Amino acid sequence: MSWTPSREDFDHYFVPNYAPQPELLVRGEGSRVWDQNDREYVDFAGGIAVNALGHRHPVLMEALKTQAEHIWHLSNVYANEPEIRLARSLVEHTFADKVFLCSSGLEANEAAFKLARRHAYLKHGEAKHKIIAFKQSFHGRSLFTVTVGGQEKYTEGFRPAPQGIVHAEFNDLESVRALMDDTTCAVVVEPMQGEGGVRPADADFLKGLRTLCDQYEALLVFDEVQSGVGRTGELYAYMHYGVKPDILTSAKALGGGFPVGAMLATDEVAPSLGVGTHGSTYGGNPLASAVSYAALEFIRQPEVLAGVKERHEWFVSGLKRISDNHGGLFKEVRGMGLLIGAEMADPWHGRAKDLLQAAMAEGVMTLVAGPNILRLAPSLIIPPSDVEEGLARLERAVKRLAN
Ligand SMILES: *Cc1c(COP(=O)(O)O)cnc(C)c1O
């Protein structure tokens, strides 16, 4: 008996923590996606900054198929070749000396926060455990990572929460200085806030955090789960700023659509996660590592990164033109590379989700970052014709909404 699942079946079988769009998408190719009725969409959402090479990129297909013919899983009782290739590439092309692999962004952050705590514990004792993070930041949905994230709506009803975590104002160094003391083990920051509103950090702010961390022997942790792996036009966003962290977390684009996460650390701090102190069954999974290595090697090519910066200009000018054509729809268009936020102007306040739905009806997939910001995170190699077509559809959605 053949049976085709419907969108209604989703609500029937799932815990109701998601409210997905009405369309069920079944196939993708590059930056185009098709639904069950064979309707076609331009993909400006990129699976939330994950599908960095679009859908079914031949290089990733080849890596996945080849590894599938060899071995799928071993656990951390045995090492494997793909994970070593991936780790070597991450070390060779970043500040890091050592890598921990896992399957998602929150796991990478969980490892980072635990490493920061344990490093301080081994060096200074248990009193040095305070983590300073930022309001409006996002670090994942485990209880530790939502607590560091500091958005009240994500912690409500789940307390008691982990202790020793405080929040400063993003891009406000004085607010960090006011909280910093000898009990601080780490400062955790996204070089560009993603979910919290697509806000790049100021260069002076990140430099100031580095200085403060050095002064108080605290670790600087960059969460680059969303901003990393080419998204901003550099391999990692910190490279724009010339500020090196002690620990960095990566996921999303790192797997190009295959679940993977990584925590990168220096030789100074990595030894604090000694044998048996932390782990993950799927960490370094051969399939995930093979795809991730292929994605990383492709994305780090200078012409790919240069293409991201070029595409940024296409999107920003396109969005500004749409805004101008419709009485100043957007108050501000911001972001770096291909993580772009368009903040709705006052007459449209809070209507980002309405625009997302109208855009879907016109055949273009987008994202939001909160109620007031339309967010785009397309493939890093989206063809010019798809950018143009997607923006034309987005403009039709704006017209639809205005009427
Ligand atoms: C998405 C995201 C996470 C969480 O990643 P998951 O893979 O969903 O666990 C953490 N930090 C940032 C900055 C993110 O954008």
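Residues numbered from 1 in each chain as written. Predicted model: local features only at pLDDT ≥ 70, side-chain atom pairs only at ≥ 80, totals over all residues. Heavy atoms only, no water.

Engineer: Before we go on, may I ask you to explain the environment of Val260 in this structure?
Structural biologist: Checked against the element boundaries, Val260 lands in the loop between β11 (247-250) and β12 (261-265). Residues Val260 and Gly105, 155 residues apart in the sequence, show an inter-C-alpha distance of 7.8 Å. Look past the residues within four positions of Val260 in its chain and what remains in contact with it is Cys102, Ser103, Ser104, Ala251, Lys252, Leu254, Gly255, Ala288 and Ser292. (Helix = DSSP H or I, 4+ residues; strand = E, 2+ residues; numbered from the N terminus. Contact = heavy atoms within 4.5 Å.)

Engineer: Would you explain the pattern of salt bridges in this entry?
Structural biologist: Side-chain pairs of opposite charge can arise whenever the charged atoms involved come near each other. Scanning all chains against the criterion turns up 29 salt bridges. Glu29 is the partner of Arg56 in a salt bridge, and the nearest nitrogen-oxygen pair spans 3.0 Å. In this pair, Arg56 sits in the loop between α2 (46-49) and α3 (58-68) while Glu29 sits in strand β1 (residues 25-29), placing the two residues 27 residues apart along the sequence. For Arg56, a relative accessible area of 44% puts it in the partly exposed group. (Salt bridge = Lys/Arg side-chain N within 4 Å of Asp/Glu carboxyl O. Buried < 20%, exposed > 50% of the residue type's maximum accessible area, 1.4 Å probe, protein only.)

Engineer: Please clarify how the UniProt feature "binding site: N(2)-acetyl-L-ornithine" (unreviewed entry) in the chain should be interpreted in this entry.
Structural biologist: Per the UniProt annotation, the sites labelled "binding site: N(2)-acetyl-L-ornithine" (unreviewed entry) are Arg141 and Ser280. Of the annotated set named above, Ser280 line the second largest pocket. Its place among the elements puts Arg141 in the loop between β5 (130-134) and α6 (143-149). Given the relative accessible area of 16%, Ser280 is considered buried. (UniProt positions renumbered as here; feature names shortened; annotations may be inferred. 1 Å grid on protein atoms, 1.4 Å probe; cavity = no way out; pocket = protein on both sides within 12 Å on 5 of 7 lines; lining within 4 Å.)

Engineer: Looking at this structure, how should I read the packing of aromatic side chains?
Structural biologist: To describe a pair of aromatic rings, one takes the distance between the centres and the angle between the planes. A complete count under the given rule lists eight aromatic pairs for this structure. The interplanar angle of 90 degrees and the centroid separation of 5.6 Å between the aromatic rings of Phe95 and Tyr238 together place this pair among those described as edge-to-face. Of this pair, Phe95 sits in the loop between α4 (81-92) and β4 (98-102) while Tyr238 sits in helix α10 (residues 238-241), and the two are 143 residues apart along the sequence. The interplanar angle of 70 degrees and the centroid separation of 5.6 Å between the aromatic rings of Phe170 and Phe205 together place this pair among those described as edge-to-face. (Phe/Tyr/Trp six-rings, centres within 6.5 Å; stacked < 30°, edge-to-face > 60°.)

Engineer: Would you mind showing me how to read the side chain of Glu343 here?
Structural biologist: Looking at the secondary structure, you find Glu343 in strand β14 (residues 339-344). In this structure the side chain of Glu343 is engaged in a polar contact, spanning 2.8 Å, whose partner is the side chain of Arg334. Once you skip the residues sitting within four places of it in the chain, Glu343 turns out to touch Leu329, Phe330, Lys331, Glu332, Arg334, Asn372 and Ile373. (Polar contact = N/O pair within 3.5 Å; in protein donor to acceptor, adjacent residues only side chain to side chain.)

Engineer: For this particular structure, what's the right way to read the domain arrangement of the chain?
Structural biologist: Where interface size is given, it is often the accessible area lost as the parts come together that is meant. Domain boundaries assigned for the chain yield domain 1 (7-57 + 302-402) and domain 2 (70-299). Averaged C-alpha coordinates put domain 1 and domain 2 at centres separated by 27 Å. Contacts between the two partners involve 27 residues from domain 1, matched on the other side by 24 residues from domain 2. Contact with domain 2 buries surface across domain 1, with Leu305, Met336 and Leu339 losing the most and accounting together for 28% of the total. Linking domain 1 with domain 2 are two salt bridges, by the criterion used here. Viewed at the interface, domain 2 and domain 1 are joined by nine residue pairs in polar contact (both at pLDDT 80 or more). Residue assignment for the side of domain 1 that touches domain 2 shows that the elements contributing at least two residues are α2, α12 (302-325), β13 (330-336), β14 and β17 (373-376). The element best represented in the side of domain 1 that touches domain 2 is α12, accounting for four residues. Residues of the side of domain 1 that touches domain 2, tallied by class, amount to 18 nonpolar, six polar and three charged. (Domains from an automatic or database assignment. Buried area = accessible area lost by both parts, 1.4 Å probe. Nonpolar A, V, L, I, M, F, W, Y, C, P; charged D, E, K, R; others polar.)

Engineer: Honestly, the packing of α3 against helix α11 (residues 286-299) in this entry has me stumped. Any pointers?
Structural biologist: For any two helices packed against each other, one specifies the crossing angle of their axes together with the interaxial distance. It is the contact of α3 with α11, at a shortest axis distance of 9 Å, that shows an interaxial angle of 155 degrees. In terms of their interaxial angle, α3 and α11 are classed as roughly antiparallel. The way α3 lies across α11 gives a crossing that is right-handed. Side by side, α3 and α11 meet where Val59, Leu60, Ala63, Leu64, Gln67 and Ala68 of the first sit next to Pro286, Leu287, Ala290, Val291, Ala294, Ala295 and Phe298 of the second. Class assignment of the residues belonging to the contact of α3 with α11 gives a composition of twelve nonpolar, one polar and no charged. (Axes fitted to C-alpha atoms, helices over the stretch in contact; angles between N-to-C directions. Parallel < 35°, antiparallel > 145°, perpendicular 65-115°, else oblique. Left-handed = near helix turned anticlockwise from the far one by under 90°.)

Engineer: Please clarify how the packing of α4 against α11 should be interpreted in this entry.
Structural biologist: At a closest axis distance of 8 Å, the pairing of α4 and α11 adopts a crossing angle of 35 degrees. The handedness of the crossing between α4 and α11 comes out as left-handed. Only Pro286, Ser289, Ala290, Ser292, Tyr293, Leu296 and Glu297 of α11 make contact with α4, whose side of the interface consists of Pro82, Glu83, Arg85, Leu86, Ser89 and Leu90. Residue composition of the contact of α4 with α11, by class: seven nonpolar, three polar and three charged.

Engineer: Before we go on, may I ask you to explain the pairing of β5 in this structure?
Structural biologist: Put simply, side chains in a regular strand alternate between the two faces of the sheet. Burial runs high along β5: five of the five residues are buried. The alternating pattern of β5 places Lys130, Ile132 and Phe134 on one face and Ile131 and Ala133 on the opposite face, and all of these are buried. Note that β5 and strand β7 (residues 184-189) share three bridges and pair parallel. Opposite Ile131, over in β7, you have Ala186 as the bridge partner. (Pairing = 2+ DSSP bridges.)

Engineer: I tried to follow helix α14 (residues 384-402) on my own but got confused; where do I start?
Structural biologist: Note that an α-helix has 3.6 residues per turn; residues three or four places apart therefore point the same way. Helix length check: α14 (19 residues) gives 27 Å between terminal C-alpha atoms against 27 Å at 1.5 Å per residue, within 8%. What α14 keeps buried is the set Asp386, Val387, Gly390, Leu391, Arg393, Leu394, Glu395, Ala397, Val398 and Leu401. Each element contacted by the buried residues of α14 is listed here: β2 (32-35), β3 (40-43), α12, α13 (352-362), β15 (364-365) and β17. (Expected span 1.5 Å × (residues − 1).)

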